[in-house]
Amino acid sequence: MRTLFMKQKMLSFNEKFAITDEDGSIIYRVHGSLFKIPKSFSMVDQNDEQIGTVTKELFKLLPKFTVDVFDDSPILIEKEFTFFKPKYRIKSENIQIDGDWLDKNFDIYRGNKKIAHISEKWLAMSSTYEINIFDQSYEHLIVLLVAAIDFVHAEERAASSASNP
């Protein structure tokens, strides 16, 4: 098992941030697009090789994001129409999420195999995703999916604060 950490609220389309291991070593870097349309970010590994992208689709009634992992099939994250609590659906050929990913406590499955557990931890006065990876062959997919989910959270917080002045 490998454990990585990603600070919540760090994901912004105009910033750069890192995903670290237990020793604090940088494993992945995320680069956002400030002026690019559609908004997107890319993730690179320690060798600066791009492993995938997340893109927010434009001109949609409800938000929709595409997670493209270069060694796997794309994953779609779509907001569903609800009157109260926001609800999102993940569309993928073999990826399922079990648990409440909006509350940051969930498992990621590939078929029937649990490949990761994600939870919220409080480290150094900030909320952090703890990413426990059980099958490292899916590490790129897991890390990009968690980064995309964090962006969905940020979008939801921004929309909520804009509607409640």
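Shown above is the structure to which this text applies.
Residues numbered from 1 in each chain as written. Predicted model: local features only at pLDDT ≥ 70, side-chain atom pairs only at ≥ 80, totals over all residues. Heavy atoms only, no water.

Asks: What should I look at first to understand the nonpolar core in this one?
Replies: Nonpolar side chains in soluble globular proteins generally cluster together in the buried interior. Counting 38 residues, the largest nonpolar core has Met43, Ile77, Ile108, Ile118, Ile131 and Ile142 as its most contacted members. Top contributing element to this core by residue count: helix α1 (residues 139-163), with eleven residues. (Core = buried A, V, L, I, M, F, W, Y, C linked by side-chain atoms within 4.5 Å. Buried < 20%, exposed > 50% of the residue type's maximum accessible area, 1.4 Å probe, protein only. Helix = DSSP H or I, 4+ residues; strand = E, 2+ residues; numbered from the N terminus.)

Asks: Looking at this structure, how should I read unusual backbone geometry?
Replies: Generally, phi is negative for residues other than glycine and the peptide bonds are trans, each holding for most cases. With a phi close to 60°, aspartate 48 is a non-glycine residue in the positive phi region. Residue aspartate 48 is classed as exposed on the basis of its relative accessible area of 58%.

Asks: Before we go on, may I ask you to explain the side chain of aspartate 107 in this structure?
Replies: Counting through the fold element by element, aspartate 107 comes out in strand β10 (residues 105-110). On the basis of relative accessibility, which here comes to 13%, the residue aspartate 107 falls in the buried class. Here histidine 117 takes part through its side chain, which lies 2.5 Å from a polar atom of the side chain of aspartate 107. (Polar contact = N/O pair within 3.5 Å; in protein donor to acceptor, adjacent residues only side chain to side chain.)

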